[in-house]
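The residues making up each chain are set out below.
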Amino acid sequence: MNLQIDIAPGVAYESPSQIVRTCTEAWGAANFYCPACSRSSLAQTPANRKAVDYACDSCASVFQLKSRANLGDRVVDAAHSAMITAIRSDSVPNLFVLNYDALWRVRNLLLVPSFFFAESCVVARPPLSPNARRAGWIGCEIHLNRIAPEGKLWVVRESSVVSPSEVRRQYETIRPLSQVAASARGWTLDVLNALHKIGRQEFTLDEAYAFEAELAVLHPNNNNVRPKIRQQLQVLRDAGLLEFVAPGKYRSDDLRSAYAHGRDSPPATRLAHVALRGSPSRRSRRRRVRRGRVLLAF
Ligand SMILES: [Zn+2]
């Protein structure tokens, strides 16, 4: 995996967001592999295919890429209603979140498997103003801190490439959750995310019950939260993510992992595309890129 993003594909565009999208999508086409099978590349999909940027020609997994200069905890996504519909119908693509540095090098690359999106991690944005072209349209943000750490696989972390075999091993560990029905998976993911807040490998049922009020807010239509928590502990055990060590006592090695407990986001980096914004003309920008001087402008 070559962490340097080629900026040449961006010279044809004026808008910073288009430049970033074009350059990072080309980088992905050259460097992505399928984490869900052994295929060593992903095929870029036609530009008009909504929310899907890549597909695996072997296992048919689909992927979306979101690139940004700051990794942060939030990813702006498409229409809120479309995202909720996609989660309920189990048709969300896997998500790559790419974070690049000031020299257009990939600093972090996070993979969120499609089956780790719960409705609770999708937050509606304010409707567009009446004067906007799409007045009233409601977009959404994905809150990465509401996704359990098991569902955030580092492909690149702080400029270090994680081996594909390790990424695939982690993917296999969590793959059983994809077998939980989409209609029930939200509860499973929310309970799993809550358990990380205990901060220990071993915990008791009472400690899991401590999240009753929090989970009730996320699932206002359910009045039997405690039975639901017990049920989800069984689902997590059946998926291999939890052990029952004694009546009312549970254990998971992953609950004390380094990326758990709010430390799963590395420091943000500064915007890198500002130098391309507002440059005098496409031709002069192309000239600067050709001369290899564009990096000096950062
Ligand atoms: Zn595949």
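So what exactly am I meant to see when it comes to the sheet that holds strand E12 (residues 243-246) here?
Picture the strands of a sheet paired through backbone hydrogen bonds; they go either parallel or antiparallel. Taken together, 3 strands build an open sheet; the order of strands is E11-E13-E12 and the sheet is antiparallel. Each end of this open sheet is capped by a strand with a single partner; those strands are strand E11 (202-204) and E12. For this sheet, the mean angle separating the axes of adjacent strands, direction not counted, is 35°.

Which parts of the structure should I look at to understand the pairing of strand E5 (residues 94-100)?
The side chains of a regular strand alternate between the sheet's two faces. Most of E5 is tucked away, with 7 of its 7 residues classed as buried. Taking every second residue as pointing to the same face, both faces of E5 are buried, with Asn-94, Phe-96, Leu-98 and Tyr-100 on one and Leu-95, Val-97 and Asn-99 on the other. As judged from the 6 bridges shared by strand E3 (residues 62-68) and E5, these two strands associate in the parallel manner. Bridge assignment links Phe-63 to a residue of E5, and that residue is Asn-94. Direction of pairing for E5 relative to strand E6 (residues 106-112): antiparallel, over a ladder of 6 bridges. Residue pairing across strands places Phe-96 opposite Leu-111, the latter belonging to E6. Hairpin geometry of E5 and E6 is characterised by an intervening segment of 5 residues between the two adjacent antiparallel strands and by a positive phi of about 60° at Trp-104.

Which parts of the structure should I look at to understand the packing of helix H4 (residues 182-196) against helix H7 (residues 225-238)?
To describe two helices that pack against each other, one gives the angle between their axes and the distance between the axes. Between H4 and H7, the shortest axis-to-axis distance is 9 Å and the interhelical angle comes to 90°. Compared by their axis directions, H4 and H7 come out roughly perpendicular. Between H4 and H7, the contacting residues are Trp-187, Thr-188, Val-191 and Leu-192 on the first element and Lys-228, Ile-229, Gln-232, Val-235 and Leu-236 on the second. Classifying every residue of the contact of H4 with H7 by side-chain character gives 6 nonpolar, 2 polar and 1 charged.

Conventions and cut-offs
Residues numbered from 1 in each chain as written. Predicted model: local features only at pLDDT ≥ 70, side-chain atom pairs only at ≥ 80, totals over all residues. Pairing = 2+ DSSP bridges. Helix = DSSP H or I, 4+ residues; strand = E, 2+ residues; numbered from the N terminus. Axes fitted to C-alpha atoms, helices over the stretch in contact; angles between N-to-C directions. Buried ≥ 20, exposed ≤ 12 C-beta atoms within 10 Å, placed from the backbone. Parallel < 35°, antiparallel > 145°, perpendicular 65-115°, else oblique. Contact = placed C-beta atoms within 7 Å. Nonpolar A, V, L, I, M, F, W, Y, C, P; charged D, E, K, R; others polar.

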